[in-house]
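Per-entry structural report
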Amino acid sequence: MDTAEEADICRVCRSEGTPDKPLYHPCVCTGSIKFIHQECLVQWLKHSRKEYCELCKHRFAFTPSICLIVLLS
Ligand SMILES: [Zn+2]
Ligand SMILES: [Zn+2]
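Okay, so let's go over this structure. Values in this document were obtained by computation on a predicted structure and should not be read as measured data.

**Thoughts on the coordination of the zinc ion (ligand 1)**
Surrounding the zinc ion (ligand 1) are the protein donor atoms Cys-10 (SG), Cys-13 (SG), His-37 (ND1) and Cys-40 (SG), at 2.1 to 2.3 Å. Because the angles between the 4 donor atoms bound to the zinc ion (ligand 1) fall within 100 to 117 degrees, the donor set is best described as tetrahedral. When the donors of the zinc ion (ligand 1) are listed by position in the chain, the intervening gaps give C-x2-C-x23-H-x2-C. Of this pair, Cys-13 sits in the segment before β1 (23-24) while Cys-40 sits in helix α1 (residues 38-48); the two residues are 27 residues apart in sequence, bridging distant segments of the chain.

Here you go:
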């Protein structure tokens, strides 16, 4: 299986990164679940009320102030 030509996609919404919505890799997960949009991560954090990845248990490299700015905007 050759996955080398597959574009990186967001683990939440399954779309690619764009200049407007770049993909982040805020935890230590690898492969198809490595990337997430900042927006999707914020939504997920809001929904789950967790500050770490439930798969790798890595605390997201994402400052609470950025979350707050996004949540309040
Ligand atoms: Zn997304
Ligand atoms: Zn992870």
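Having seen the structure, we can now continue with the description.
**With respect to the coordination of the zinc ion (ligand 2)**
Around a metal, the ideal angle is 109.5 degrees if four donors adopt a tetrahedral arrangement and 90 or 180 degrees if six donors adopt an octahedral arrangement. Here the zinc ion (ligand 2) is held by the protein donor atoms Cys-27 (SG), Cys-29 (SG), Cys-53 (SG) and Cys-56 (SG), which lie 2.2 to 2.4 Å from it. Taken in chain order, the donor set of the zinc ion (ligand 2) reads C-x1-C-x23-C-x2-C. On the criterion of sequence distance, the pair formed by Cys-27 in the loop between β1 and β2 (36-37) and Cys-53 in the loop between α1 and α2 (64-72) is long-range, its members being 26 residues apart. Overall, Cys-27 belongs to the buried group, its relative accessible area being 8%.

**Remarks on the packing of aromatic side chains**
Inspection of the entire model under this criterion finds 1 aromatic pair. Geometrically, the ring pair formed by Trp-44 and Phe-60 is edge-to-face, given 5.8 Å between the ring centres and 90 degrees between the ring planes. Here the residue Trp-44 occupies a position in helix α1, and Phe-60 occupies one in the loop between α1 and α2, the gap between them amounting to 16 residues. Trp-44 sits in the partly exposed class, given a relative accessible area of 21%.

**What about the pattern of salt bridges?**
Across all of its chains, the model carries 3 salt bridges by this definition. For Lys-21, the salt bridge identified is with Glu-39, shortest N-O distance 3.6 Å. Pair noted here: Lys-21 is in the segment before β1 and Glu-39 is in helix α1, with a separation of 18 residues, a long-range link. Given a relative accessible area of 45%, Glu-39 falls into the partly exposed group. The salt bridge involving Glu-54 is made with Lys-50; its shortest N-O contact spans 3.4 Å. With relative accessibility at 40%, the residue Glu-54 sits in the partly exposed group. Classification of Lys-50 by relative accessible area gives partly exposed; the value is 28%.

Thresholds applied
- Residues numbered from 1 in each chain as written.
- Chains lettered and ligands numbered in written order.
- Predicted model: local features only at pLDDT ≥ 70, side-chain atom pairs only at ≥ 80, totals over all residues.
- Heavy atoms only, no water.
- Donors = N, O, S within 2.8 Å, 3.2 Å for Na, K, Ca; no water.
- Tetrahedral: all angles 85-135°; square planar, octahedral: opposite > 155°, others 65-115°.
- Helix = DSSP H or I, 4+ residues; strand = E, 2+ residues; numbered from the N terminus.
- Buried < 20%, exposed > 50% of the residue type's maximum accessible area, 1.4 Å probe, protein only.
- Phe/Tyr/Trp six-rings, centres within 6.5 Å; stacked < 30°, edge-to-face > 60°.
- Salt bridge = Lys/Arg side-chain N within 4 Å of Asp/Glu carboxyl O.

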